[in-house]
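Now for the letters of each chain:
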Amino acid sequence: MRLKDKVALISGSGSGIGEATAKRLAAEGASVVVVDLNQDGATRVAEEIRNAGGKAEALHANVGNPPEIENMIKFAVEKFGRLDILHNNAIRLYTGRVGEMTLEQWRKSIDIGLTAYWYATRCALAVMVPQRKGAIVNTGSVSGLAGDYGLGAYNAIKAGVINVTRATAIEYARKGIRCNAVCPGIILTPPILKSRRALPEIAQKSEQTVPMGRCGEPIEIANVVLFLVSDEASYVTGTCIVADGGLMAHTGMPSVAGGGPDW
Ligand SMILES: NC(=O)c1ccc[n+]([C@@H]2O[C@H](COP(=O)([O-])OP(=O)(O)OC[C@H]3O[C@@H](n4cnc5c(N)ncnc54)[C@H](O)[C@@H]3O)[C@@H](O)[C@H]2O)c1
């Protein structure tokens, strides 16, 4: 077991990538705090982990509210005695053109998708630094590396997440803390599955755009997080691992030699 006796807290783990990560880390021996705004989701995931023989506690929290972040870190330490792993993963997604987004949408995006990541990191460092050990992983995105049509606030938070990851990594490298980001491409989580059902033509287009010809599964991101928080990544900090089926490896330009994905 790669995470025996470790304690992990994952925000937004009542669904999708966070859920897959909570289950993956628990299967490797970690005690997991499953944090989500959706109480039912958090309760279900924690129960499923326990039913599979793992250790987990559910916590209902809104990471957009700083006192609830303080409380979630306290909760992890009270329940399991320490905190070794923090995975910042929750977001609030708004779609719309940069010129049409409201100030409230912009602020909410930043509060949940960026400020909460920094503040949870700050609170976790207060526990991890005295331990002289800790691993933090932030869920970035390929959308933090380039722009998307209709996702301006999301592009901004994910770029911020990637760079606050680097700042944290360098400042705490000599204190035993590692901080990394995972940058998923298109992953088949509930919100993506829902939008694919609503817009099947976009779903087909997405698959064509990905060099591997398919979208990713949440477990394929959970496996990257597992590596990053495990001792196997002991020399890895300040990086962002892209897991996107090759999406970001392509400039987006058409082939000058007549080729394409099936060439
Ligand atoms: N699915 C993708 O294609 C994809 C691609 C790149 C990055 N990501 C990133 O992965 C992460 C997880 O996304 P997902 O696709 O698994 O979505 P998801 O909706 O399946 O999971 C997100 C969870 O976060 C919770 N949440 C939302 N606001 C919260 C708040 N204020 N406090 C606490 N919990 C809150 C939701 O209730 C939900 O359970 C996000 O950071 C997202 O940007 C996803």
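In what follows, the accompanying structure is described. None of these values were measured; they are calculated from a predicted model. (Residues numbered from 1 in each chain as written. Predicted model: local features only at pLDDT ≥ 70, side-chain atom pairs only at ≥ 80, totals over all residues. Heavy atoms only, no water.)

**Concerning the overall build of the protein**
Selection criterion: The helix count covers DSSP runs of H or I at least four residues long, the strand count covers runs of E at least two residues long, and both are numbered beginning at the N terminus. For the radius of gyration, the atoms used are the C-alpha atoms, and the globule rule reads 2.2 Å times the number of residues raised to 0.38. Think of it in three bands: with a 1.4 Å probe and only protein chains considered, a residue is buried below 20% of the maximum accessible area for its type, exposed above 50%, and partly exposed in between.
When helices and strands are tallied, the protein shows eight helices and seven strands. The globule rule puts the C-alpha radius of gyration for 263 residues at 18 Å, and the 18 Å found for the protein is close to it. Projected onto its principal axes, the C-alpha positions of the protein cover 60 × 40 × 40 Å. Taken over 263 residues, the protein has a buried fraction of 47%.

**What to know about the packing of helix 1 (residues 16–27) against helix 8 (residues 218–229)**
What counts, and what does not: Note on geometry: axes are lines fitted to C-alpha atoms, helical ones only across the stretch in contact, with angles between N-to-C directions running from 0 to 180 degrees. These descriptions rest on fixed angle ranges, namely under 35 degrees for roughly parallel, over 145 for roughly antiparallel, 65 to 115 for roughly perpendicular, and the rest for oblique. Handedness of a crossing follows from how the near helix is turned relative to the far one, being left-handed for an anticlockwise turn of less than a right angle and right-handed for a clockwise one. We call two residues in contact whenever any of their non-hydrogen atoms come within 4.5 Å of each other. Residues are sorted three ways: Asp, Glu, Lys and Arg are charged, Ala, Val, Leu, Ile, Met, Phe, Trp, Tyr, Cys and Pro are nonpolar, and all the rest, Gly among them, are polar.
It is the contact of helix 1 with helix 8, at a shortest axis distance of 8 Å, that shows an interaxial angle of 50°. It follows that helix 1 is oblique to helix 8 by the angle criterion. The hand of the helix 1/helix 8 crossing is right-handed. Across the interface between the two elements, Gly16, Ile17, Ala20, Thr21, Arg24 and Leu25 from helix 1 touch Pro218, Ile219, Ile221, Ala222, Asn223, Val225, Leu226 and Val229 from helix 8. Partitioned by chemical class, the residues of the contact of helix 1 with helix 8 number 10 nonpolar, three polar and one charged.

**A look at the site of the ligand**
Test applied: Proximity criterion: a residue is near a molecule or strand once any of its heavy atoms comes within 4 Å of it. Any pair of N or O atoms that falls within 3.5 Å is considered a polar contact. Within protein, one atom must be able to donate a hydrogen and the other to accept it, and sequence-neighbouring residues count only if both atoms are side-chain atoms. For the area figures, the Shrake-Rupley method with a 1.4 Å probe applies, and any residue is considered shielded solely by the protein chains shown.
With respect to spatial proximity, 30 residues lie near the ligand, and among them Ser15, Asp36, Asn89, Tyr154 and Thr189 are the closest. Within the backbone of Gly16, one N or O atom sits 3.4 Å away from an oxygen atom of the ligand. For the ligand, whose unbound accessible area comes to 820 Å², protein coverage reaches 89%. Among the elements of the structure, helix 1, helix 4 (103–131), helix 5 (152–172) and helix 6 (190–198) are those that each provide at least two residues to the shell around the ligand.

**With respect to the sheet that holds strand 7 (residues 240–243)**
Strand pairing in a sheet takes place through backbone hydrogen bonds and is either antiparallel or parallel in direction. Convention followed: In short, DSSP must find at least two bridges between two strands for them to pair.
The strand order across the open sheet built from seven strands is 3-2-1-4-5-6-7, with neighbouring strands paired in parallel fashion. Each edge of the open sheet is held by one strand with a lone partner, namely strand 3 (55–60) and strand 7. On average, each strand axis in the sheet is tilted by 15° relative to the strand beside it, whichever way the strands run. One ladder, built from three bridges, connects strand 1 (residues 7–11) with strand 4 (residues 85–88); its direction is parallel. Bridge pairing in strand 4 links Leu9 to Leu86. Sheet contacts for helix 1: strand 1, strand 2 (31–36), strand 4 and strand 6 (177–184); angle to strand 1, the most-contacted strand, approximately 170°. Sheet strands touched by helix 3 (residues 66–80): strand 1, strand 2, strand 3 and strand 4. Its angle to strand 3, the strand with the most contacts, is close to 150°.

**Re the packing of aromatic side chains**
Spelled out, the test is: A pair of aromatic rings is counted whenever rings of Phe, Tyr or Trp (Trp by its six-membered ring) have centres within 6.5 Å, and the orientation is called stacked for planes under 30 degrees apart, edge-to-face for over 60 and tilted otherwise.
This model, assessed by the stated rule, comprises one aromatic pair. Judged by centre distance (5.5 Å) and plane angle (55°), the rings of Trp118 and Tyr119 are tilted. On the basis of relative accessibility, which here comes to 42%, the residue Trp118 falls in the partly exposed class.

**Considerations on the environment of Thr209**
Relative to the helices and strands, Thr209 resides in helix 7 (residues 200–209). By relative accessible area, Thr209 is classed as partly exposed at 45%. Between the alpha carbons of Thr209 and Gly246 there is a distance of 9.3 Å; along the sequence they are 37 residues apart.

**With respect to helix 3**
In an α-helix, one turn spans 3.6 residues, which is why side chains three or four residues apart end up on the same side. Quick reminder of the rule: Helix span, expected: 1.5 Å multiplied by one less than the number of residues in the helix. Throughout, the arc means that of the directions going from the helix axis to the C-beta atoms.
Taking 1.5 Å of rise per residue, the 15 residues of helix 3 would be expected to cover 21 Å, and the 22 Å separating its terminal C-alpha atoms lies within 8% of that figure. Looking only at helix 3, the buried set comprises Ile69, Met72, Ile73, Phe75 and Ala76. One side of helix 3 carries all its buried residues, which in axial view fall inside an arc of 150°. Facing away from the buried side of helix 3, by more than 90 degrees, are the exposed residues Lys74 and Glu78.

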